[in-house]
Amino acid sequence: MNFRPRQKEEPEINLIPFIDVLLVILIFLMLTTTYSKFTELQLTLPVADAQRLRDHPKEVIVAVAADGRYAINKTTLEGRQVDQVARALADAATAGPNSVVIISADASAPHQSVVTVMEAARRVGLSQITFATQSSATAGK
């Protein structure tokens, strides 16, 4: 029998498995966390059925046909480019930057045509834009 005292081994903490477990937990938390970005637009929506006195000199009515043609205050435009629409909007806006652009687009009008009117209004400095609607009672007539 060996009665010699043994050398006591120093306890050792192995850090590699500990780091592996922490990395797995970190990856799990990164993948399961939802990052919510709340994008909110402050909009003033028009009421379709309300009857209200309107200030007609401040209004610029832009009609967009189903084929993408434009009419500003019942005057048909020849071109469909943003610059041409912007020039016509600038001429029609008698109240200056306080004018309200009312876009009256056909239900089947191309989306790009409506965006072109909005871009033209932005270039001219008209920031008050609204869309014309019809009430559900008159929609079928």
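None of these values were measured; they are calculated from a predicted model. Every residue gets a number counted from 1 within its own chain, in the order that chain's sequence is written. In keeping with the predicted nature of the model, local features appear solely for residues at pLDDT of at least 70, side-chain atom pairs appear and are counted solely at 80 or more, and the whole-chain, interface and lining totals rest on all residues. Excluded from the side-chain calculations are hydrogens and water; all other atoms, namely the structure's heavy atoms, are used.

Enquirer: What exactly am I supposed to notice about unusual backbone geometry here?
Expert: Its identity is not glycine, yet asparagine 73 carries a phi of approximately 50 degrees, on the positive side. By relative accessible area, asparagine 73 is classed as partly exposed at 33%. A positive phi is found at lysine 74, a non-glycine position, where the angle reads about 65 degrees. To qualify as a helix, a DSSP run of H or I must reach at least 4 residues; to qualify as a strand, a run of E must reach at least 2; elements of each kind are numbered from the N terminus. Here lysine 74 lies in the loop between strand E2 (70-72) and strand E3 (75-76). Using a 1.4 Å probe on the protein chains alone, a residue whose accessible area is under 20% of its type maximum counts as buried, one over 50% counts as exposed, and one in between counts as partly exposed.

Enquirer: Help me understand the sheet that holds E3 in this model?
Expert: Strands in a sheet are paired, the pairing made by backbone hydrogen bonds, and the direction either parallel or antiparallel. Pairing between strands requires that DSSP locate at least two bridges from one strand to the other. If you walk across this open sheet you meet the 5 strands as E3-E2-E1-E4-E5, and the pairing is mixed. In the strand order of this sheet, the two ends are held by E3 and strand E5 (128-131), each with one partner. We call two residues in contact whenever any of their non-hydrogen atoms come within 4.5 Å of each other. Fitted lines through C-alpha atoms serve as axes, helices being fitted only where they are in contact, and the angles separating the N-to-C directions of these axes extend from 0 to 180 degrees. Across the face of the sheet, helix H2 (residues 82-92) comes into contact with strand E1 (59-64) and E2 while running at roughly 15 degrees to E2. The strands that helix H3 (residues 111-124) touches are E1, E2, strand E4 (100-105) and E5; relative to E4, the one it contacts most, it runs at about 170 degrees.

Enquirer: How do you make sense of the side chain of serine 99 when you look at a structure like this?
Expert: Mapping serine 99 onto the fold places it in the loop between H2 and E4. Residues adjacent in sequence count toward polar contacts only when both atoms are side-chain atoms; beyond that, a polar contact is any pair of N or O atoms within 3.5 Å, and within protein one must be able to donate a hydrogen and the other to accept it. Looking at serine 99, its side chain comes within polar contact range of the main-chain nitrogen of alanine 95, at 3.3 Å. Contact partners of serine 99, with chain neighbours within four places excluded, come to Lys58, Val60, Ala93, Thr94, Leu126 and Gln128.

Enquirer: Please explain the pattern of salt bridges as it appears in this structure.
Expert: Each salt bridge in this description consists of a side-chain nitrogen of Lys or Arg and a carboxyl oxygen of Asp or Glu lying within 4 Å of one another. Overall, the coordinates contain 4 salt bridges when judged by the stated rule. Where arginine 69 meets aspartate 67, a salt bridge forms, and the shortest distance between an N and an O atom there is 2.8 Å. Glutamate 119 is paired through a salt bridge with arginine 122; the nearest N and O atoms lie 2.5 Å apart. On the criterion of helical spacing, the pair formed by glutamate 119 and arginine 122 is a turn pair, its members being 3 residues apart in helix H3. What makes arginine 122 exposed here is its relative accessible area of 54%.

Enquirer: Even after reading the chapter, I still don't get the pairing of E4, so can you show me in this structure?
Expert: Across a regular strand the side chains alternate sides, sitting on one face of the sheet and then on the other. Bridge analysis of E1 against E4 gives 6 bridges, and the strand direction is parallel. Across the sheet, valine 60 pairs through a bridge with valine 101, a residue of E4. Examined bridge by bridge, E4 and E5 share 4 bridges and lie parallel to one another. What sits directly across from valine 100, in E5, is glutamine 128. What joins E4 to E5 is H3, and the crossover it makes is right-handed. The path from the first strand over the helix to the second decides the hand: if it runs clockwise while the strands point away from the viewer, the crossover is right-handed.

Enquirer: Looking at this structure, how should I read the nonpolar core?
Expert: In summary, soluble globular proteins display a tendency toward joint burial of nonpolar side chains. Within the largest apolar cluster, 20 residues are counted, with the highest numbers of intra-cluster contacts made by Val60, Val62, Val64, Ile72, Val85 and Leu89. When residues of this core are traced back to their parent elements, those giving at least two are E1, E2, H2, E4 and H3. Top element by residues in this core is H2. It accounts for 5 residues. Excluding its chain neighbours within four sequence positions, the residues that come into contact with valine 62 are Ala71, Ile72, Leu89, Val101, Ile102, Ile103, Ser104 and Val117. Within this scheme, the nonpolar core is defined by two criteria: the residues are buried Ala, Val, Leu, Ile, Met, Phe, Trp, Tyr or Cys, and they are joined through side-chain atoms within 4.5 Å.

Enquirer: Looking at this model, I keep getting lost on a nonpolar patch on the surface. Mind explaining?
Expert: Residues Ile13, Leu15, Phe18, Ile19, Val21, Leu22, Leu23, Ile25, Leu26, Phe28, Leu29 and Met30 make up a contiguous nonpolar surface patch of about 1,200 Å² in total accessible area. Along the chain, isoleucine 25 turns up in helix H1 (residues 15-32). The class for isoleucine 25 is partly exposed, based on a relative accessible area of 42%. A patch consists of residues exposed above 30% relative accessible area that lack any salt bridge, with like charges linked at up to 9 Å and nonpolar side chains (Val, Leu, Ile, Met, Phe, Trp, Tyr) linked at up to 5 Å. Throughout, the Shrake-Rupley method with a 1.4 Å probe supplies accessible areas, and for residues the shown protein chains are the sole cover considered.

On their own, these measurements won't tell you what the molecule is for.
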